[in-house]
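For reference, the chains in residue letters:
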Amino acid sequence: MDWKIELIFVPVSDVDRAKDFYTGIGFHADHDAEPYEGLRFVQLTPPGSACSIAIGTGLGSRMEPGGLDNIQVVVSDADAALAQLRDAGVEASGVDEQDWGRFVTFNDPDGNRWTLQQLPARG
């Protein structure tokens, strides 16, 4: 049986600001619904990803905005990802070269930390 991660909740303090940030760096806005007062669900998907993120209000998370510090995404080119982030006005670290990959880190407006990894060549 396959187990596939489909959705990760990212706690934010301002849903519209976060949605603008994520769409500004290339995420696709899949859903933005407020089925009833007090509940807003926004789903955003990084380009090429099978896993999306959810932001919103009334979603039941106990994590404070900015509480995620370990979201990791694989990219094909760390230099291009860094350039894309900086072109969008995001403060991102320079490429960190390690034996196990090349890494770029950045924070969303609430301080949730993302790490982008370009995997090393195999074989």
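A short tour of the structure in this document, coming up.

So, about the overall build of the protein chain. Tallying secondary structure elements over the protein chain gives two helices and eight strands in all. Listing every helix and strand of the protein chain by position from the N terminus yields β-α-β-β-β-β-α-β-β-β. For the protein chain, the C-alpha atoms occupy an extent of roughly 50 × 40 × 25 Å along the three principal directions. By the burial criterion, 37% of the 123 residues in the protein chain qualify as buried. Averaging the locations of the 9 positively and 20 negatively charged side chains of the protein chain gives two centres separated by 3 Å.

Right, let's get into the pairing of strand 3 (residues 39-45). Counting buried positions along strand 3 yields six of seven residues, so the element is predominantly enclosed. Sheet topology note: the strand 2 (residues 28-36)/strand 3 ladder contains six bridges and is antiparallel. Residue pairing for strand 3: Tyr36 is matched across the bridge by Leu39. Linking strand 2 to strand 3, which pair antiparallel, is a turn of two residues; within it Gly38 sits at a positive phi near 95°. Where strand 3 and strand 4 (residues 52-57) come together, five bridges link them in antiparallel fashion.

For the rest of this paragraph, the subject is the sheet that holds strand 3. One open sheet accounts for four strands, arranged 1-4-3-2; its pairing is mixed. Sheet topology places strand 1 (7-9) and strand 2 at the edges, where each strand pairs with a single neighbour. Strand-to-strand twist across the sheet, computed as the mean angle between neighbouring axes with direction ignored, equals 25°. Sheet topology note: the strand 1/strand 4 ladder contains three bridges and is parallel. Following the sheet pairing, Phe9 is matched in strand 4 by Ala54. Contacting strand 2, strand 3 and strand 4, helix 1 (residues 15-24) runs over the sheet at an angle of about 10° to strand 3.

Residues Val10, Tyr22, Ile25, Ile55, Leu85 and Phe106 are the most contacted members of the largest nonpolar core, which totals 25 residues. Elements supplying a minimum of two residues to this core: helix 1, strand 3, strand 4, strand 5 (71-75), helix 2 (78-87), strand 7 (101-107) and strand 8 (113-118). Residues within four places of Val10 in sequence aside, it is in contact with Tyr22, Ile53, Ala54, Ile55, Leu68, Ile71, Asp108 and Asn112.

The complete set of buried residues in helix 1 reads Val15, Ala18, Phe21 and Tyr22. Projected down its long axis, helix 1 shows its buried positions confined to an angular sector of 125°, all on one face. In this structure, the buried side of helix 1 is in contact with strand 3, strand 4, strand 7 and strand 8. Among the residues trailing helix 1, Gly26 stands out with phi positive, at a value near 110°.

On to the side chain of Asp110, then. By secondary structure assignment, the location of Asp110 is in the loop between strand 7 and strand 8. Engagement of the side chain of Asp110 in a polar contact is seen with the side chain of Ser13, the distance being 2.6 Å. A polar side-chain atom of Asp110 sits 3.1 Å from a polar atom in the side chain of Arg17. Not counting chain neighbours up to four residues away, the residues in contact with Asp110 comprise Pro11, Val12, Ser13, Asp14, Arg17, Pro65 and Gly66.

What counts, and at which threshold
- Residues numbered from 1 in each chain as written.
- Predicted model: local features only at pLDDT ≥ 70, side-chain atom pairs only at ≥ 80, totals over all residues.
- Heavy atoms only, no water.
- Helix = DSSP H or I, 4+ residues; strand = E, 2+ residues; numbered from the N terminus.
- Buried < 20%, exposed > 50% of the residue type's maximum accessible area, 1.4 Å probe, protein only.
- Lys, Arg positive; Asp, Glu negative; His and termini not counted.
- Charge placed at Lys NZ, Arg CZ, Asp CG, Glu CD.
- Pairing = 2+ DSSP bridges.
- Axes fitted to C-alpha atoms, helices over the stretch in contact; angles between N-to-C directions.
- Contact = heavy atoms within 4.5 Å.
- Core = buried A, V, L, I, M, F, W, Y, C linked by side-chain atoms within 4.5 Å.
- Arc of directions from axis to C-beta.
- Polar contact = N/O pair within 3.5 Å; in protein donor to acceptor, adjacent residues only side chain to side chain.

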